Amino acid sequence: MKTIYSLLYVNLNVALNEKVCIGLVMSDGETFFYQFSAKKLSFIAPLLSTEKKSFIKHYLKSLEKDIQTSKANTNKLFSHLSYAEQWAKEEYLNYLSNYANNLVSFSAPKTIALANNLDNFKALFNKYVHIYEEVSPKLDEDEQTPIGIKDQVNRQFYPQIKARVNTNITLNSADFETILVPVHIGFIGNNDIPVLGQTLDFTKSIQHVQHDITSYLSLTISVEEKEQKKGKYFVLGKEPAKGDKTHNFWQNLRTSPIVDYIELDEFEKITKYMEEHNVQPYFEKQQ
């Protein structure tokens, strides 16, 4: 099997293409290695605002948690459960390189004539990122990192609905044949119609929010083509500040006839709908 790798960057200035490599992922399609350099991140910290530093640290922590959970739960990749497990696929690394957040991005995957093992991963890490640290990198826990909306949803909402839907899964063409690239979805269930939900973070860039909602709407089309019926589609979010560029987008979305927009502090409306309509998981089990 061929070995591919992708570099993880922090973008200091998107317009000028100024970026710093802070991490590496390497895969052969079955197993993968991932690590970032906390020391390298500390070098560029003075160039970043407090908000940007908090976002990066939160993102890296979430990514590391997802990967460790994946490794602990299964040895088989490409299941419904894990966003991180999709990294072992070259097409998903390509997807990340095209659509990652403006602040953090992945390079397009490259093929390398090396075996996919830890020694070679260390050698690439030393070459492209920084000196490899044998101990897993730790981020400064003293800073109070704001809890993002998706974490709030994961902690407060999903535990209440996990018996009725599949939560936090990545869908691909094996699930709905017209999906071109994998799509991570908040939840999916079914009664007499498919029931889907996605969380949008309006604190991100307008381009990022537009991409997220476009991917979600494309998924709903794929679902309807398979089911031959319209579904119920929820969007969970939090109103952005009125001065933010995303506020007009939020305003239009909450009045859209295509989706049911729900504010984060009103998620009980979704719970009530699921109870009243006896929504059940779309897939038999969450793998």
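Residues numbered from 1 in each chain as written. Predicted model: local features only at pLDDT ≥ 70, side-chain atom pairs only at ≥ 80, totals over all residues. Heavy atoms only, no water.

## Some thoughts on the nonpolar core
Item 1. Grouped together as the largest cluster of nonpolar side chains are 23 residues, with contacts concentrated most on Leu171 and Leu219.
Item 2. Of all elements in the fold, only strand E6 (166-171), strand E7 (183-190), helix H6 (206-227), strand E9 (232-237) and helix H7 (246-254) reach the threshold of two or more residues within this core.
Item 3. Sort the elements by how many residues they give to this core and H6 lands first, with five residues.
Item 4. In contact with Leu219, not counting residues within four places along its chain, are Leu171, Phe176, Ile179, Val183, Ile185 and Leu196. (Core = buried A, V, L, I, M, F, W, Y, C linked by side-chain atoms within 4.5 Å. Buried < 20%, exposed > 50% of the residue type's maximum accessible area, 1.4 Å probe, protein only. Helix = DSSP H or I, 4+ residues; strand = E, 2+ residues; numbered from the N terminus. Contact = heavy atoms within 4.5 Å.)

## Comments concerning unusual backbone geometry
Item 1. With a phi close to 60°, Gln228 is a non-glycine residue in the positive phi region.
Item 2. You can see Gln228 is positioned in the loop between H6 and E9.
Item 3. A residue is classified by how much of its surface remains accessible, and Gln228, at 66% relative accessible area, is exposed.
Item 4. In the Ramachandran plot, Asn278 falls in the positive-phi region, its phi being about 50° despite a non-glycine side chain.
Item 5. You can see Asn278 is positioned in the loop between helix H8 (268-276) and strand E11 (280-281).

## Comments concerning the packing of aromatic side chains
Item 1. All chains considered together, the criterion is met by 15 aromatic pairs.
Item 2. Each ring, one from Phe157 and one from Phe267, has its centre 5.1 Å from the other, and the planes form 40°; the classification is tilted. In this pair, Phe157 sits in helix H5 (residues 149-161) while Phe267 sits in the loop between strand E10 (260-263) and H8, placing the two residues 110 residues apart along the sequence. Taken individually, Phe157 and Phe267 each receive the classification buried, so the pair is uniform in this respect.
Item 3. For Lys19, the ring lying beneath its charged end belongs to Tyr9, and the centroid distance is 4.4 Å.
Item 4. Over the ring of Phe176 we find Lys226; its NZ or CZ atom is 4.9 Å from the centre of that ring. (Phe/Tyr/Trp six-rings, centres within 6.5 Å; stacked < 30°, edge-to-face > 60°. Lys NZ or Arg CZ within 6 Å of the ring centre and 35° of its normal.)

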